[in-house]
Amino acid sequence: MNCKITYKVSPHNLLEYCSGLGRMLVVFFVVYFSSWGLLGQNVVTISSPEDPGPTQQNPVEITFEFDQTINYFEESHINVDGGNLSNFYVKTPTYGYEANLGRLNQFRIQVTSNPDPGPARNAVIAFDFNSSGRIYSLTLDSGVYAHHSNGTADVKNDIISPDDFNDPRDLALDSQGNIYIADSGNDRIRIYSSAGNHIKDLEGGLNSPFGVVMGPDDRIYVADSGNDRVVIFDQSGAEIGIITGTGAQALDNPIRLAVDEDQNVYVNDIGNTRVQIFDSNGDYTGTISNASGDNIQTPGSILVDENGFIYIADLGNINLEDFLDFENADPLDLLPLITGTDASVKVFRRDDLDSPPEVISNNINIPIDLALKPCGYLAVNNADASIEDEWDYSGWLPSLKFFIKVIFDAKTYNILPDTFTADLTITEQCEAATINIPAGVGVDAECNSTPNQASNNFSLVWDETPPVIDCPAARAEAFDPEVGFEVPDYRSEVVVSDNCTSEAELRQNLVQTPAPGVTIYANQQITFTVEDAAENIDNCNFQLTLTEEEEPFEIDCPPTQEEIFDENCQFEVPNYTTEMAAEFPDAEFSQSPEAGTFLSASTSVSISATNGSQSDSCNFQLNLEDLTPPLIDCPAAKAETFDPEVGFEVPDYRSEAEVSDNCNSEEELRQNLIQTPAAGAIIYE
């Protein structure tokens, strides 16, 4: 059994070469790691600085953050309900170094007074990837080579003979994998199949074409260096456009170029040491150069990724044209490769050329060419040089020889972003806008669909309308200046309302200043502030006037009064307020019953008094008694006969008595008239 399993970058990148029973192990590992990835990875989170809201802002910034880098994620992948997105923005990636895919080629030149430049024919001057990641590299004078995606040489490594070209300078692949060679010495573009079979040539008056690149629709863009222009061909080979620039933007010896998905053209205008940008109509739109403060010394290869990031190989102190002239190079000319070139790859934003570029310099010596490797890597054809020494024992005496060795490696950098932003404009106030992203909208750096789980359902409400608040009317309160006045809680008297937030929620955020319970000593403005759920604020106030408290005004009624009826069984009510009036001379008194009223029965007397702004009242009981005895007149003396043995029965003489009283009637008196001895009693004397 033979089996090799390579676990690289992610659980989904399992490369296996197996036979027999070993395949069962591979299936196990694939299922295991894939399940692990589904459970713990490949998710995207939608958030906003305004979350959880509601928010006054509209539009608001929304962030889409993946837990790993992603390619081919676009605004159209985002589901929005109740609003719309604008200003979709890709956050700058970290550009981390990934790997060295392998040695594309190498050569070494002996350091002598008369060096042999022949080995330099193996210098790799351009490369590109097809859709499956296969690498095609163009050498200075050794033809075109093919490599597997991991950098190892193809079975038929040199697929196009160097005899087909004269000073080739660039290579590009179209969407079908066909190979395009800028055959500079023959003033043409040569087209081959992916297997290296010649298809046709493009000429059209070209003069030393130095660069070739494919547009998004497989249009062919050629840096026609000798004619100081860019020529555009369609797939049939017909010339359909020319870009030359005008005035200060005129091209001078363009050597490399790139085209983005909107058919904007980026040209290395090496004669002016700058990169010029033209739109799809050929109109100038911008410049990247040292002169414009972009910190780029010597531009080389250019490419633009789908997110609008512009990658420019900055060769530092090396001119690409001179560097590619290896046949005429003196070994001393190669010394800068050893001592340092200050080279790097500068990354600019298409939508913000004025911002300083990001710099990719890790493991980069001389970035001869740039290419995009599926599904999310920047590949750099990196040249590096070193000095090697070797003893030669072929002569009479051993001699030490020195060589300059130049290697060309394909190094990759992860250029995929993991964070995106956009502005969300919410359609209606108080109506939530919702956003989500379905699973599988893009691919990761290993071309696996991602995310494998849908995003969170993000929701946000817009409310820019302040709440409405109405304060109570101004009021005056009495207080003791020495003690102060404790501010009551007036909030229950405030009326609040809002378009989105309920009254109950508003009252939870209703603030009174000064707060209830605070002691004040002077007139004060009482302010109320209410805040709705979106932090919209409104306020109102009323004036609280403090007046010094008067001494309490209190009157004391006399105790219960005991009085006697007159001869007419009446009592004239006196003025009971006299003493009170003496105590409170400024007060106004009233009494009920009034003084001078004649009473014939006991009653309650009420007294009320008003002293300035104060008033008081009291009452007491008036009890009346009858202390005058009734009058009685008896009949005259009488003589009566009787039988001594029987005795004399006393008659009832009460009817002969005359009775009267000041309060009681004769009838009432006669009910209480008593005769002694009582009528009917027997007397003997």
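For the structure, see preceding data.
Residues numbered from 1 in each chain as written. Predicted model: local features only at pLDDT ≥ 70, side-chain atom pairs only at ≥ 80, totals over all residues. Heavy atoms only, no water.

**Regarding the overall build of the protein**
Next up, step 1: Helix and strand counts for the protein stand at six helices and 53 strands.
Next up, step 2: Here the protein, with 685 residues, has 42% of them falling under the buried criterion.
Next up, step 3: Long-range contacts, defined here as pairs at least 24 residues apart, represent 56% of the contacts in the protein between residues at least 6 apart. (Helix = DSSP H or I, 4+ residues; strand = E, 2+ residues; numbered from the N terminus. Buried < 20%, exposed > 50% of the residue type's maximum accessible area, 1.4 Å probe, protein only. Contact = heavy atoms within 4.5 Å.)

**Re the state of the cysteines**
Next up, step 1: Scanning the entire structure with this criterion turns up five disulfides.
Next up, step 2: Through a disulfide, C430 is tied to C500; the S-S separation comes to 1.6 Å. On the sign convention where negative is left-handed, the bridge of C430 and C500, at about -80° about the S-S bond, is left-handed. Here C430, found in the loop between β31 (419-426) and β32 (433-436), pairs with C500, found in the loop between β39 (495-497) and α4 (503-508); they are 70 residues apart in sequence, far enough to count as distant. (Disulfide = S-S within 2.5 Å.)

**As for the side chain of S184**
Next up, step 1: When you line up the elements, S184 lands in the loop between β13 (179-183) and β14 (188-192).
Next up, step 2: Assessed through its relative accessible area of 9%, S184 is described here as buried.
Next up, step 3: Among all residues touching S184, those that are not within four sequence positions of it are N166, D167, P168, R169, S208 and P209.

**Here's the deal with the sheet that holds strand β29 (residues 377-392)**
Next up, step 1: In spatial order, the strands read β7-β30-β29-β28; together these four strands make up an open sheet with antiparallel pairing. One side of each edge strand has no neighbouring strand; the edge strands of this open sheet are β7 (96-110) and β28 (366-373). Each strand of the sheet is rotated relative to its neighbour by a mean of 25°, with strand direction disregarded. (Pairing = 2+ DSSP bridges. Axes fitted to C-alpha atoms, helices over the stretch in contact; angles between N-to-C directions.)

**Concerning the sheet that holds β14**
In any sheet, the strands associate via hydrogen bonds between backbone groups, in a parallel or an antiparallel arrangement.
Next up, step 1: Here four strands make up an open sheet; going across it, the order is β12-β13-β14-β15 and the pairing antiparallel. Looking along the sheet, the strands with just one partner apiece sit at the ends: β12 (168-173) and β15 (198-202). The sheet shows a mean angle of 20° between the axes of neighbouring strands, taken without regard to direction.
Next up, step 2: Bridging between β14 and β15 involves four bridges; their strand directions are antiparallel. If you follow R190 over to β15, its bridge partner there is D201.

**Considerations on the pattern of salt bridges**
Next up, step 1: Taken as a whole, this structure holds 23 salt bridges when the rule is applied.
Next up, step 2: Linking D224 and R229 is a salt bridge whose minimum nitrogen-to-oxygen distance equals 2.7 Å.
Next up, step 3: Its relative accessible area of 0% is what places D224 among the buried residues.
Next up, step 4: On the accessibility criterion, R229 (14% relative accessible area) is buried. (Salt bridge = Lys/Arg side-chain N within 4 Å of Asp/Glu carboxyl O.)

This is a description of form; function is not addressed.
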